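A structural walkthrough
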Amino acid sequence: KIIPVLLAGGAGSRLWPVSRDQLPKQFQPLVGNLSTYQQTLQRVNDEALYGEPLVITNEDFRFFARRQAEEIDLTATVVLEPARRDSAAAMAAAAVLAERREPGSLVLALAADHVVLDNDKFSEAVKLGASAAEQGNIVVFGLTPTEPRTSYGYINPGPSIDGNEDLCVVEAFVEKPDEETAISYVEKGYLWNSGNFLFRSDVMIAELKAYVPEILEAVTRSVDEHETDLGFVRLHKESFEASPKNSIDYAVIENTKRMAVVRGHFRWSDIGSWDAIWEIADKQENGNAVEGQGIFIDSEGCLIHSSSILTTVVGAKDLVVVATKDAVLVTPKDRVQSVKGLVEALKSSD
Ligand code: GDD
Ligand code: MG
């Protein structure tokens, strides 16, 4: 069985005011009633394919991680990071813990902050990648790009494996290229990296050892010296803090020579900003979308996201209105990327 590992320790400042440092987007109901963390747990709730999930998150989020799993009647082992060291350290912890559970385990590392609309197609992609992962490849899941986004990794697919068009060798992986490069990659038929990875635990450990040995060493020590407290696995603080900060994409995926890609056919969004929430949400006539309590009159292409108060919009076009108990955001849809700067400005004015 595959061990699912949810990486649930990231931030998500472009979704302010809903996403906050103390309660980041993966634990918030952004689209529908469940958080993407809960949706991800449900995605891998299939005993035929998966074992019990591991959740790797920051210690600050431990009660959200546990309570939100309980709310949907699912169980997971929650592993706590005592500091933010980005996704390479989290992946190292996942690989080492999975290897201890069973040497050579198949691990599916999942981003906990994405929306996938077709879980059955996602499972098909995982099944298709499993043999390539068994054979020692790190398997990524590629999606056909719709535009040259610079916030994604790009995959250059090579020849197909075993005559299956949806399973290919990877010729190159480039994380977050500049815009000009991204444009040329889209033209050349590169794929977006969806941010999920399937691999054998011993293979990931070998690749971490080859490319970022300091991360592997620090994290292995923090696993060796972990403590269990109220059922949480607490990684050892000083050892974990000794790990350099890096993302798995830069640390390993750009460098590894043992990689395959499955072409995914699932609808996906990493809901990084409010325009992406609008895109994936169900639309009313005129292309308006409401999450929570909202009413539109004479408006088009707008989003209302309001969990606690009735929010109304009259006569607007392509507007985003987000209302929470203590803060409101109003911005044109094509300016939502600036929310990150707004949050930084708010922090420095504290
Ligand atoms: N446990 C833990 N600890 N998880 C973390 C940490 C951490 O310190 N930092 C990030 N994560 C989690 C995030 O919550 C998310 O689920 C995942 O790791 C990826 O991290 P992001 O910071 O969101 O990465 P990204 O969006 O910039 O880029 C990745 O995803 C893109 C698709 O959305 C890359 O894999 C890209 O190549 C990819 O295209
Ligand atoms: Mg992300």
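Residues numbered from 1 in each chain as written. Chains lettered and ligands numbered in written order. Predicted model: local features only at pLDDT ≥ 70, side-chain atom pairs only at ≥ 80, totals over all residues. Heavy atoms only, no water.

**Here's the deal with the overall build of the chain**
Put simply, the test is: Helical segments are the DSSP runs of H or I of at least four residues, strand segments are the runs of E of at least two, and each set is numbered from the N terminus. Working definition: with a 1.4 Å probe on protein chains only, accessible area under 20% of the residue-type maximum means buried, over 50% means exposed, and in between means partly exposed. The contact criterion used throughout is that any non-hydrogen atoms of two residues lie within 4.5 Å. Reported accessibility uses the Shrake-Rupley method at a 1.4 Å probe radius. Residues are deemed covered only where the shown protein chains occlude them.
When its secondary structure is counted, the chain shows 11 helices and 17 strands. Projecting the C-alpha coordinates of the chain onto the three principal axes gives extents of approximately 60 × 50 × 40 Å. Within the span of the chain, comprising 350 residues, buried residues form 54% of the whole. Of the contacts made within the chain by residues no fewer than 6 positions apart, 68% connect residues no fewer than 24 positions apart. Accessible surface, the chain as shown: approximately 15500 Å² in total, 47% of it carbon and sulfur.

**A look at the side chain of Glu207**
In plain terms, the rule: Under this definition, polar contacts are N or O atom pairs within 3.5 Å; protein pairs additionally need one hydrogen-donor-capable and one acceptor-capable atom, and for neighbouring residues in sequence, both atoms have to be side-chain atoms.
When you line up the elements, Glu207 lands in helix α6 (residues 201–211). Given the relative accessible area of 7%, Glu207 is considered buried. Within polar-contact distance, the side chain of Glu207 engages the side chain of Arg258 at 3.4 Å. In contact with Glu207, not counting residues within four places along its chain, are Ile138, Val212, Val252, Thr256, Lys257 and Arg258.

**Digging into the sheet that holds strand β17 (residues 328–332)**
Going by this rule: Two strands are counted as paired when DSSP detects at least two bridges linking them. Note on definitions: angles span 0 to 180 degrees between N-to-C directions of axes, and those axes are lines fitted to C-alpha atoms, for helices only across the stretch in contact.
In space, the four strands of this open sheet follow the order β14-β15-β16-β17, with mixed pairing throughout. Of all the strands in the sheet, just β14 (289–297) and β17 have a single pairing partner and so form its edges. Direction aside, the axes of adjacent strands within the sheet are offset by 20° on average. Here β14 runs beside strand β15 (residues 303–314); their pairing, made up of eight bridges, is parallel. Within β15, the position partnered with Ile295 by the bridge is Thr312.

**Regarding the nonpolar core**
Rules: As used in this record, nonpolar core signifies buried Ala, Val, Leu, Ile, Met, Phe, Trp, Tyr and Cys residues forming a set joined through side-chain atoms within 4.5 Å.
By size, the foremost hydrophobic cluster in this structure holds 46 residues, and its most contacted members are Phe199, Met204, Ile248, Val252 and Ile253. Considering every element that reaches this core, the biggest residue donor is helix α3 (residues 86–101), with 11 residues. In this structure, Ile253 is in contact with Ile138, Val140, Phe173, Phe197, Ile248 and Met259, ignoring residues within four places of it in sequence. Within the second largest apolar cluster, 45 residues are counted, among which are Val44, Phe122, Ala130 and Tyr185.

**What to know about the packing of aromatic side chains**
Selection rule: Two rings belonging to Phe, Tyr or Trp (six-membered ring only in the last case) form a pair when the distance between their centres is within 6.5 Å. Interplanar angles under 30 degrees mark stacking, angles over 60 mark edge-to-face geometry, and anything in between is tilted. For a Lys NZ or an Arg CZ to count as sitting over a ring, it must be within 6 Å of the ring centre and within 35 degrees of the ring normal.
For the coordinates displayed, the defined rule picks out 11 aromatic pairs. One cation-aromatic arrangement involves Arg66 over Phe232; the distance from NZ or CZ to the ring centre is 3.8 Å. Over the aromatic face of Trp278 sits the side chain of Lys283, whose NZ or CZ is 4.7 Å from the ring centroid.

**Here we look at the pairing of strand β2 (residues 54–58)**
As a reminder, the rule being used: Handedness rule for crossovers: strands pointing away from the viewer, path from the first strand over the helix to the second running clockwise, crossover right-handed.
Of all five residues in β2, five are buried, a share of seventy percent or more. Note on the crossover from strand β1 (residues 3–7) through helix α1 (residues 36–43) to β2: the handedness is right-handed. Across five bridges, the pairing between β2 and strand β3 (residues 77–81) is parallel. Its bridge partner being in β3, Asn58 is matched across the sheet by Glu81.

**Re the site of ligand 1**
This is how it is decided: Throughout this document, a residue counts as near a molecule or strand when at least one of its heavy atoms sits within 4 Å of that molecule or strand. Three residue categories are used. Nonpolar comprises Ala, Val, Leu, Ile, Met, Phe, Trp, Tyr, Cys and Pro, charged comprises Asp, Glu, Lys and Arg, and polar comprises the others, including Gly.
Taken together, 25 residues form the shell around ligand 1, and within it Ile56, Glu175, Lys176, Asn193 and Asp249 come nearest. One nitrogen or oxygen atom from the main chain of Asn193 is found 2.6 Å from an oxygen atom belonging to ligand 1. With respect to ligand 1, the side chain of Asp249 contributes an N or O atom lying 2.6 Å from an oxygen atom. Calculation on ligand 1 without its partners gives an accessible area of 740 Å², and the protein chains cover 86% of this total. Those elements that place two or more of their residues in the shell around ligand 1 are β2, α3, β8 (164–175) and β9 (191–200). Class assignment of the residues belonging to the shell around ligand 1 gives a composition of nine nonpolar, eight polar and eight charged.

**Here's the deal with the domain arrangement of the chain**
Rule in force here: Domain ranges listed in this record stem from an automatic or a database domain assignment. Note: buried area is the sum, over both parts, of the accessible area (probe 1.4 Å) each one loses when the two are combined. When a carboxyl oxygen of Asp or Glu lies within 4 Å of a side-chain nitrogen of Lys or Arg, that pair is called a salt bridge.
Once the domains are mapped, the chain shows domain 1 (3–269) and domain 2 (274–348). Taken over C-alpha atoms, the centre of domain 1 sits 29 Å from the centre of domain 2. Between domain 1 and domain 2, the residue contacts involve 17 residues of the former and 20 residues of the latter. Overall, the association of domain 1 and domain 2 removes approximately 1600 Å² of surface from exposure, summing both partners, and the carbon and sulfur fraction of that is 64%. Taken together, the links from domain 1 to domain 2 amount to two salt bridges. Arg20 is paired through a salt bridge with Asp326; the nearest N and O atoms lie 2.9 Å apart.

**A look at the environment of Arg43**
Structurally, the position occupied by Arg43 is in helix α1. It is 9.9 Å that separates the C-alpha atoms of Arg43 and Leu117, two residues lying 74 residues apart in sequence. Contact partners of Arg43, with chain neighbours within four places excluded, come to Tyr50, His114, Val115, Val116, Asn119 and Phe122. A distance of 3.1 Å separates polar atoms of two side chains, one belonging to Arg43 and the other to Asn119.

**Topic: the layout of surface pockets**
Spelled out, the test is: Points on a 1 Å grid, built from protein atoms alone, make a cavity when a 1.4 Å probe fits but cannot get out and make a pocket when they are open with protein on both sides within 12 Å along at least 5 of 7 lines; residues with an atom within 4 Å of a point are the lining residues. Grid points are joined across faces, edges and corners, and a volume is the space filled by probe spheres set on the points.
The computed volume of the second largest pocket comes to approximately 400 Å³. Every residue lining the second largest pocket is counted, 17 residues in all, and those nearest its centre are Val18, Gln28, His305, Ser307 and Thr324. Here the element with the most residues in the lining of the second largest pocket is β15; it accounts for three residues. Classifying every residue of the lining of the second largest pocket gives five nonpolar, eight polar and four charged. Each of domain 1 (3–269) and domain 2 (274–348) accounts for three or more of the residues forming the lining of the second largest pocket.

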